[in-house]
Amino acid sequence: VCSSDLVVFDVRESYNSAIAKTFQHFAGYEINQQEINEIKNQGGMNCDWDAVQCLLLNHNIKVEYIDIINIFQELFYNPNNNTKEYLIDKEKLIISKEIFEELSKTYDMVVFSGRLKEEAIYSLKKFEIDKYFSYFVTCDDLPKNMLKPHPQGVLNILQHCPFKTIKYFGDSVDDIIAGNKANVETIGDRK
């Protein structure tokens, strides 16, 4: 199992930039990356819309959640408008396609991502690595109260896939918590 962001994709110029730009849209001033990292590392902020809302509230700025989503998505990715480049298009692979191909010969790989399914599929297909993953769990597959750090996504994978053991690679505190709560070997690092 692997989390997609900062395990498969470098998202510094996509998700991280979308958080900063959405914050700036509503606040009228920039926020530094350290403050974004601190919010993300506190746990429970796997959804970047939640992270933006929390950052705004920390600066005493109240914004309707749907407005945060709309601005964020217009910057990050809008599947209904393919006439422009979005921040999602600035992502880069961290691991080469050739390594995924080699790994897939020995391991059954699965994606557990906080992304929307269409965003996860878009990026995996863009880099032609979707074929190396046998199953996907995204935020669309879980109720909001069962998103990371809740272990339900990992538990869904355990129920769906006939693995005797799994290793879960993640990049956030929420990945580590979810993997540990699901009682699977979890390998990761908080950024």
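Model, not experiment: these values are computed from the prediction.

Scoring rules and cut-offs
- Residues numbered from 1 in each chain as written.
- Predicted model: local features only at pLDDT ≥ 70, side-chain atom pairs only at ≥ 80, totals over all residues.
- Heavy atoms only, no water.
- Helix = DSSP H or I, 4+ residues; strand = E, 2+ residues; numbered from the N terminus.
- Rg over C-alpha atoms; globule rule 2.2 N^0.38 Å.
- Contact = heavy atoms within 4.5 Å.
- Areas by Shrake-Rupley, 256 points an atom, 1.4 Å probe, with all protein chains shown as cover.
- Lys, Arg positive; Asp, Glu negative; His and termini not counted.
- Charge placed at Lys NZ, Arg CZ, Asp CG, Glu CD.
- Phe/Tyr/Trp six-rings, centres within 6.5 Å; stacked < 30°, edge-to-face > 60°.
- Buried < 20%, exposed > 50% of the residue type's maximum accessible area, 1.4 Å probe, protein only.
- Lys NZ or Arg CZ within 6 Å of the ring centre and 35° of its normal.
- Salt bridge = Lys/Arg side-chain N within 4 Å of Asp/Glu carboxyl O.

**Topic: the overall build of the protein**
- Within the protein, the regular secondary structure consists of eight helices and six strands.
- The linear arrangement of helices and strands in the protein, starting from the amino end, is β-α-α-α-α-β-α-β-α-β-α-β-α-β.
- The C-alpha atoms of the protein give a radius of gyration of 16 Å, which matches the 16 Å a tight globule of 191 residues would have.
- Dimensions of the protein along its principal axes, counting C-alpha atoms only, are 50 × 35 × 25 Å.
- For the protein, the proportion of contacts with a sequence separation of at least 24, taken over those separated by at least 6, is 63%.
- Accessible area of the protein: about 10000 Å², with a carbon and sulfur share of 49%.
- Of note, the protein has its 21 positive side-chain charges centred 3 Å away from the centre of its 29 negative side-chain charges.

**A closer look at the packing of aromatic side chains**
- Evaluated as defined, the whole model comprises 10 aromatic pairs.
- Centroid distance Phe112 to Tyr168: 5.9 Å. Interplanar angle 35°. Geometry classified as tilted. Placement of Phe112 in strand S3 (residues 109-112) and of Tyr168 in strand S5 (residues 167-170) is noted, with a sequence separation of 56 residues between them. Note on accessibility: Phe112 and Tyr168 belong to one class, buried.
- One aromatic cluster is present, formed by Tyr15, Phe72 and Phe76 through successive ring pairs.
- Over the ring of Phe112 we find Lys148; its NZ or CZ atom is 4.6 Å from the centre of that ring.

**Here we look at unusual backbone geometry**
- Going from Lys148 to Pro149, the amide bond is cis rather than trans, its omega being 15°.
- Structurally, Pro149 is set in the loop between strand S4 (133-137) and helix H7 (152-160).
- The phi torsion at Asn60 lies on the positive side, around 60°, for a residue other than glycine.
- Residue position: Asn60 is located in the loop between helix H3 (48-58) and helix H4 (65-76).
- We classify Asn60 as exposed; its relative accessible area is 72%.
- Backbone geometry places Asn183, a non-glycine residue, at a positive phi of 60°.
- Mapped onto the secondary structure, Asn183 falls in the loop between helix H8 (173-181) and strand S6 (185-188).

**Describing the environment of Arg12**
- Of note, Arg12 is situated in the loop between strand S1 (9-10) and helix H1 (15-27).
- On the basis of relative accessible area, Arg12 is assigned to the exposed category, the value being 53%.
- Each C-alpha atom, one on Arg12 and one on Gln33, is 9.8 Å from the other, the two residues being 21 residues apart in sequence.

**Description of the pattern of salt bridges**
- For the structure on display, the rule yields 11 salt bridges.
- Here Asp141 ties to Lys117 by a salt bridge, and the two come within 2.9 Å at their closest N and O atoms. Taken together, the residues Asp141 in the loop between S4 and H7 and Lys117 in helix H6 (residues 117-126) connect sequence positions 24 residues apart.
- Its relative accessible area of 35% is what places Asp141 among the partly exposed residues.
- Take Lys117: its relative accessible area is 29%, and that puts it in the partly exposed class.
- Between Lys167 and Glu185 there is a salt bridge, with the nearest N and O atoms lying 2.8 Å from each other. Pair noted here: Lys167 is in strand S5 and Glu185 is in strand S6, with a separation of 18 residues, a long-range link.

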